[in-house]
There are 2 protein chains.
Amino acid sequence: MTTNRHVPASAPTISEVAKAAGVGRATAARTLGGYGSVGAETRNKVEAAALRLGYQTNELARSMSTGETKTLGVVVADIGNPFFAGVVRGISDYCENRGYNIVVLSTDENVAKERSAVELLRNKRVDGLIVASAAIKAQSADHISAAVKRGTPVVLVDRAIRGLDFDTVLIDNRDAARLAVAHLISHGHRRIGFVWGPETASPPVSVSELLAAAENALWSDGERLQGYLAALFESGIEFDADLVTTTPKNREDAERGVARMLALPCRPTALFATEADATIGALNAIRRAGLGYPRDISLIGFDDNPWAGVIDPPLTMVSQPMLELGQRAAEQLINRIDGNRAEHSVDVLSTVLIERSSVTGPLNAGE
Amino acid sequence: MTTNRHVPASAPTISEVAKAAGVGRATAARTLGGYGSVGAETRNKVEAAALRLGYQTNELARSMSTGETKTLGVVVADIGNPFFAGVVRGISDYCENRGYNIVVLSTDENVAKERSAVELLRNKRVDGLIVASAAIKAQSADHISAAVKRGTPVVLVDRAIRGLDFDTVLIDNRDAARLAVAHLISHGHRRIGFVWGPETASPPVSVSELLAAAENALWSDGERLQGYLAALFESGIEFDADLVTTTPKNREDAERGVARMLALPCRPTALFATEADATIGALNAIRRAGLGYPRDISLIGFDDNPWAGVIDPPLTMVSQPMLELGQRAAEQLINRIDGNRAEHSVDVLSTVLIERSSVTGPLNAGE
DNA sequence: CTGTTAGCGCGTTCAC
DNA sequence: GTGAACGCGCTAACAG
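Please read these numbers as outputs of a predicted model, since none were measured by experiment.

So, the UniProt feature "domain: HTH lacI-type" (unreviewed entry) in chain A
So, point 1. Residues given the UniProt feature "domain: HTH lacI-type" (unreviewed entry) here are residues 12-66 of chain A.
So, point 2. A helix fraction of 71% and a strand fraction of 0% characterise residues 12-66 of chain A, whose end C-alpha atoms lie 20 Å from each other.

Concerning the side chain of Thr152 of chain B
So, point 1. Among the structural elements, Thr152 of chain B can be located in the loop between helix H7 (142-149) and strand S4 (154-157).
So, point 2. If we ignore the near neighbours within four places in the chain, the residues touching Thr152 of chain B are Arg122, Val126, Gly128, Leu129 and Ala147 of chain B.

With respect to the interface of chain A and chain B
So, point 1. In this assembly, 55 residues from chain A lie in contact with 55 residues from chain B.
So, point 2. Interface area, chain A with chain B, both sides summed: about 4900 Å², of which 57% is carbon and sulfur.
So, point 3. Sorting the residues of chain A by area buried against chain B places Leu60, Arg89 and Trp307 of chain A first, and these three jointly supply 17% of that buried surface.
So, point 4. The interface formed by chain A and chain B includes 6 salt bridges.
So, point 5. Across the pair Arg89 of chain B and Asp78 of chain A runs a salt bridge whose closest N-O atoms are separated by 2.7 Å.
So, point 6. Our enumeration of links across chain A and chain B arrives at 18 residue pairs in polar contact (both at pLDDT 80 or more).
So, point 7. Residue assignment for the side of chain A that touches chain B shows that the elements contributing at least two residues are helix H4 (59-66), helix H5 (82-98), strand S2 (101-106), helix H6 (111-123), helix H12 (276-288) and helix H13 (306-310) of chain A.
So, point 8. For the side of chain A that touches chain B, the element with the most residues is S2 of chain A, which contributes 6 residues.
So, point 9. Looking at the side of chain A that touches chain B residue by residue, the classes come out as 23 nonpolar, 17 polar and 15 charged.

Remarks on the domain arrangement of chain A
Where interface size is quoted, it is often the accessible area lost as the parts come together.
So, point 1. Looking at the assigned domains, one finds that chain A contains domain 1 (14-66), domain 2 (71-171 + 322-349) and domain 3 (173-320).
So, point 2. Just the C-alpha atoms count here: the centres of domain 1 of chain A and domain 3 of chain A sit 62 Å apart.

A few points about the protein's contact with DNA strand C
So, point 1. If you check the shell around DNA strand C, you find 23 residues, and the closest are Ile14 and Tyr35 of chain A together with Thr27, Gly39 and Thr42 of chain B.
So, point 2. Considering the 4 Å shell around the protein, atoms of DNA strand C inside it are sugar or phosphate in 64% of instances.
So, point 3. With respect to DNA strand C, the side chain of Tyr55 of chain A contributes an N or O atom lying 2.7 Å from a phosphate oxygen.
So, point 4. Contacts to DNA strand C include Arg30 of chain B, whose side-chain N or O atom sits 2.8 Å from a base nitrogen.
So, point 5. Elements supplying a minimum of two residues to the surface near DNA strand C: H4 of chain A together with helix H2 (25-33) and helix H4 (59-66) of chain B.
So, point 6. The element best represented in the surface near DNA strand C is H4 of chain A, accounting for 5 residues.
So, point 7. Classifying every residue of the surface near DNA strand C gives 10 nonpolar, 10 polar and 3 charged.

Quick word on the nonpolar core
So, point 1. Core analysis: the largest hydrophobic core is formed by 106 residues, its most contacted members being Tyr228 and Phe272 of chain A together with Tyr228 and Phe272 of chain B.
So, point 2. Every residue in contact with Tyr228 of chain A, bar those within four places of it in the chain, is listed here: Ala177, Val181, Ile192, Phe194, Leu243 and Val244 of chain A.
So, point 3. The next biggest cluster of nonpolar side chains, apart from the first, holds 48 residues, and it includes Leu299 of chain A together with Ala278, Leu299 and Leu315 of chain B.

Comments concerning the sheet that holds strand S8 (residues 298-302) of chain A
All names here are of chain A.
So, point 1. Strands sit in the order S6-S7-S8-S9-S11 across an open sheet of 5 strands; the sheet is mixed. The sheet is open, and its two borders are formed by strand S6 (192-195) and strand S11 (352-354), each paired with just one other strand. In this sheet, neighbouring strand axes are inclined to one another by 15° on average, regardless of whether the strands run parallel or antiparallel.
So, point 2. Bridging between strand S9 (residues 316-319) and S11 involves 3 bridges; their strand directions are antiparallel.

Some details on the sheet that holds strand S8 (residues 298-302) of chain B
Residues and elements named next belong to chain B.
So, point 1. Spatially, the 5 strands line up as an open sheet ordered S6-S7-S8-S9-S11, and their pairing is mixed. In this open sheet, the two edge strands, each paired with only one partner strand, are strand S6 (192-195) and strand S11 (352-354). The mean inter-strand angle of the sheet, taken between neighbouring strand axes irrespective of direction, is 15°.
So, point 2. Direction of pairing for S6 relative to strand S7 (residues 270-273): parallel, over a ladder of 4 bridges. Bridge pairing in S7 places Gly193 opposite Leu271.
So, point 3. Strands in contact with helix H12 (residues 276-288) are S6, S7, S8 and strand S9 (316-319); relative to S8, the strand with the most contacts, it is inclined by about 155°.

Here we look at helix H3 (residues 40-53) of chain A
Residues and elements named next belong to chain A.
So, point 1. An ideal rise of 1.5 Å per residue puts 20 Å on 14 residues; H3 measures up with 20 Å between its terminal C-alpha atoms.
So, point 2. In this structure, the buried side of H3 is in contact with helix H1 (14-21) and helix H2 (25-33).
So, point 3. Downstream of H3 by one or two residues, Gly54 has phi in the positive range, about 70°.

As for the protein's contact with DNA strand D
So, point 1. Inspection of the region around DNA strand D gives 25 residues, with Thr27, Gly39 and Thr42 of chain A together with Ile14 and Tyr55 of chain B positioned closest.
So, point 2. Between a phosphate oxygen of DNA strand D and a main-chain N or O atom of Gly24 of chain A, the distance comes to 2.9 Å.
So, point 3. One of the side-chain N or O atoms of Thr27 of chain A is found 2.6 Å from a phosphate oxygen in DNA strand D.
So, point 4. Listed by contribution, the elements that provide at least two residues to the surface near DNA strand D are H2 and H4 of chain A together with H2 and H4 of chain B.
So, point 5. Among the elements that take part in the surface near DNA strand D, H4 of chain B stands out by supplying 5 residues, more than any other.
So, point 6. Residue composition of the surface near DNA strand D, by class: 11 nonpolar, 11 polar and 3 charged.

Regarding unusual backbone geometry
So, point 1. Cis rather than trans, the peptide bond between Asp312 of chain A and Pro313 of chain A has omega equal to 0°.
So, point 2. Relative to the helices and strands, Pro313 of chain A resides in the loop between H13 and S9.
So, point 3. In this chain, Tyr293 of chain B is followed by Pro294 of chain B through a cis amide linkage whose omega measures -5°.
So, point 4. As for its placement among the helices and strands, Pro294 of chain B is situated in the loop between H12 and S8.
So, point 5. For Trp196 of chain A, which is not glycine, the phi dihedral falls at a positive 100°.
So, point 6. Within the secondary structure, Trp196 of chain A sits in the loop between S6 and helix H9 (207-215).
So, point 7. With a phi close to 75°, Asp303 of chain A is a non-glycine residue in the positive phi region.

Calculation rules
- Residues numbered from 1 in each chain as written.
- Chains lettered and ligands numbered in written order.
- Predicted model: local features only at pLDDT ≥ 70, side-chain atom pairs only at ≥ 80, totals over all residues.
- Heavy atoms only, no water.
- UniProt positions renumbered as here; feature names shortened; annotations may be inferred.
- Helix = DSSP H or I, 4+ residues; strand = E, 2+ residues; numbered from the N terminus.
- Contact = heavy atoms within 4.5 Å.
- Buried area = accessible area lost by both parts, 1.4 Å probe.
- Salt bridge = Lys/Arg side-chain N within 4 Å of Asp/Glu carboxyl O.
- Polar contact = N/O pair within 3.5 Å; in protein donor to acceptor, adjacent residues only side chain to side chain.
- Nonpolar A, V, L, I, M, F, W, Y, C, P; charged D, E, K, R; others polar.
- Domains from an automatic or database assignment.
- Near = heavy atom within 4 Å.
- Core = buried A, V, L, I, M, F, W, Y, C linked by side-chain atoms within 4.5 Å.
- Buried < 20%, exposed > 50% of the residue type's maximum accessible area, 1.4 Å probe, protein only.
- Pairing = 2+ DSSP bridges.
- Axes fitted to C-alpha atoms, helices over the stretch in contact; angles between N-to-C directions.
- Expected span 1.5 Å × (residues − 1).

And the structure:
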């Protein structure tokens, strides 16, 4: 009497099912795998045996011989961040319909981590990659080009990489910013602060210097800054270097940057924050300065969410289609995997400016 | 001259490396796989060849023969939800340190989807499963017990399953609720509304009826309700069925439920919302009723987040350790996979009541 | 220390 | 319509 207690009976293989059904393994494989043709009677025998033994196909072995894993690799900065979580949800939903799964890795905006994430995923033989890259320029993105060159399709999401032409799904960063700032200008504002400017050692003094710095920022950040400058330019408003933060990208530093602006002899009458944390930082700074919005200062934030609507007064926000961003990226990638190749495509989704109550004219503003 | 343009050279195998290095495949495998022992000179030859050919180990094949995928399956209600996104981030971080990866699936609180997710993951031969189950009781969780029975370790996160003893990582739901409500009571409140009560056809009229309904709710929801009732009981406050919502679990219905309470002849002087969406719904209802907090009604919400601190007045909230929840779950699971088995353990993490400014005495309240 | 050989479980020719 | 045999790339046990 063998006492193999706690030794879980390893899952039945297809050969075991074949034996139990009294047929050859190939026949069993055909009926269970749903390919080739099998006699009705044989099919029944096999299916009965499979059911009885509780057969489940081993996807690993299947992938081994078919060469496809039905799995996509997803590389983002931080899966805990609501924005990326939304994008991933979009990817995940679309994948479900097409029979794919995803394995997600976070990089914390660290290119080295991104590089090893991509490598790992390729070694796992994912069928394709969706990455929101931290790479600023082509030369730091060799891991991406290597992947596509060696046959792993890649689509970039949320951020393009300067100097690289790949399938990409983006939002209209520049226009979103331009429109938001134009909205402020249309309300009469001319001194408009920009929160989440490029992080620089010494504060940039000229527009060209600022644009150069933007070139070394993440794609989305750079684009939004350009949109801000474009809006000013279009209205003939002179750029003031004091009205752009150059602090590190986190809530506390954003708050510090805004606090500095608010302490200016001639402070801004409106603020445009280009990230969720920038928005919260700005809100904190406004309160700490003893000011109120929109009374003392108007405010537009980025990344709309339910809280922006319940806060008092409700915030005017730029809303990004996170789910759709992910969905489209997955769609584009899977189509390419399926061989429906097309020229490399860039998909640009629109944001929406949700007007609530944080913007008024500058009339009441201090000074 | 063969024109195999665009046919990406398939990744070099270990045999090719072996041949290129002039050694047997096993030797190459040993040096590249980092096991067994190899002569210094041979090792160099192999490594050089591997580097030259750009060899990368095929994890699929490796998993095939080792029987482990170094991959964990994660099943949650919605990866797009900030709470689960945080938990997943915690899992992901811990996994990275132990050399594991995760594939994440969302179920939308649908047990059928959960069942097939678990099945799929097992077919992919994940080494273990972390699941925030939608199953209320043991009988609807056979997919979980089947998994552990057949040798796939499982740890439950955020929710236990009634009648099932598995490794679990939870927060102190009942205490969190009890303390929050006690906090309200200590400020003098006696009519305290509970938002996110069990969804029932006909409103429950007695405590026992309510408790019965709680038994058919998600673990966390049921526990929080029990904590609420316990706090009332401890202070000798009589339960009023009118003060518990029985609406479906979403923001709009929560708002509707609160609106009903606020329209009561003798409305509550305080509210306890046990979910992020419940909190937002409550906030909306309060505003729509033309009331203000904490002046007209005190409020404690659940799932602290940055916005709760910038909203005006800042909200007193229960804060959950999302990252740690995920971390501990991953730790427990990987330890079990590594064979450091122990008796089934239940890990309960503490929440924190973050006091801000949404709670005062009921003195000013209507009535 | 090294090379040979046998699987892992499944898909896929190829004869029967 | 059916079954035998081979290959995917790697690890592992066994000789040498």
